Amino acid sequence: MKTCINRLLLAAALAGGAAQAFAAGVDYHIDPEHTEVVVTWSHLGFSTPSAHAGGIQGVVRYDAANLSASSVKLDVPLTNFTSHIPKLDEMLRGPEFFEAGKYPAIGFESTSVEDKGNGLLLIHGKLRIKDREKPVVLEARQNKAGVHPRAQRPAIGFDASTVVKRSDFGVDAYAPGVSDDVALRITVEALADAAR
């Protein structure tokens, strides 16, 4: 009888430890093939062109029990930033805009996460472009969390958006004809290391 009670106590302790580990949050590594940043601006008021960035690397730490303990950190390589117009791509990577040879990636790191309910989040963080870092707030929505049917691992997905002034980051060539305000739309799919 005593042995049986000891085993039950041990099982309860292990279960409690596992629950605490899960409550501490899970790291999901961004899938660069299904994660993208789209940048949109106004051109002379006539059109709203866009450029796309892929190959994104980073980690989403998601704590379902305490969303404010969640976080995200990612890097956007400028080698994969394209408007699908070769001349414009050359300009964007050059000295008038991003200086990609000197600053090869754009970075974002969250500082806090607010749970707004119904899968909506406000992600406060710092956006780094070139040698400047400024606070931004992403309005995010959780799309889905569950086991990825192909990878057979826990997966999570979000969409997020914000508007920034490119002049805040020293990327203000051709303003105001090319709008200072640019919209950023981010879609993220990320995978945990193993089934839980």
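Structure's up top.
If you're wondering where the values come from, they're calculated on a predicted model, not measured in any experiment. (Residues numbered from 1 in each chain as written. Predicted model: local features only at pLDDT ≥ 70, side-chain atom pairs only at ≥ 80, totals over all residues. Heavy atoms only, no water.)

Draft legend 1. Representation of the pattern of salt bridges in the model. Taken as a whole and judged by the stated rule, the model has 6 salt bridges. As a salt-bridge pair, D27 and R61 come within 2.6 Å of each other at their nearest N and O atoms. Of the two residues, D27 is situated in strand β1 (residues 26-30) and R61 in strand β4 (residues 57-62); the sequence distance between them amounts to 34 residues. A salt bridge links R141 to D159, with the shortest nitrogen-to-oxygen separation between them at 3.2 Å. Highlighted residues: R141 in strand β9 (residues 132-147) and D159 in strand β10 (residues 154-165), separated in sequence by 18 residues. (Salt bridge = Lys/Arg side-chain N within 4 Å of Asp/Glu carboxyl O. Helix = DSSP H or I, 4+ residues; strand = E, 2+ residues; numbered from the N terminus.)

Draft legend 2. Layout of the side chain of R166. Mapping R166 onto the fold places it in the loop between β10 and β11 (181-191). The charged side chain of R166 is buried without a salt bridge, its nearest counter-charge being D180 at 4.6 Å. Within the local environment of R166, its side chain forms a polar contact with the backbone oxygen of A173, the two atoms lying 2.8 Å apart. Excluding anything up to four places from it in sequence, R166 contacts F97, V171, D172, A173, Y174, A175, V178, S179, D180 and V182. (Buried < 20%, exposed > 50% of the residue type's maximum accessible area, 1.4 Å probe, protein only. Lys, Arg positive; Asp, Glu negative; His and termini not counted. Polar contact = N/O pair within 3.5 Å; in protein donor to acceptor, adjacent residues only side chain to side chain. Contact = heavy atoms within 4.5 Å.)

Draft legend 3. Main features of the pairing of strand β3 (residues 50-53). Every second residue of β3 is oriented toward a common face, the buried set being A51 and A53 and the non-buried set S50 and H52. The sheet contact formed by strand β2 (residues 36-40) and β3 spans 4 bridges and is antiparallel. From the neighbouring strand, T40 faces β3, where its bridge partner is S50. (Pairing = 2+ DSSP bridges.)

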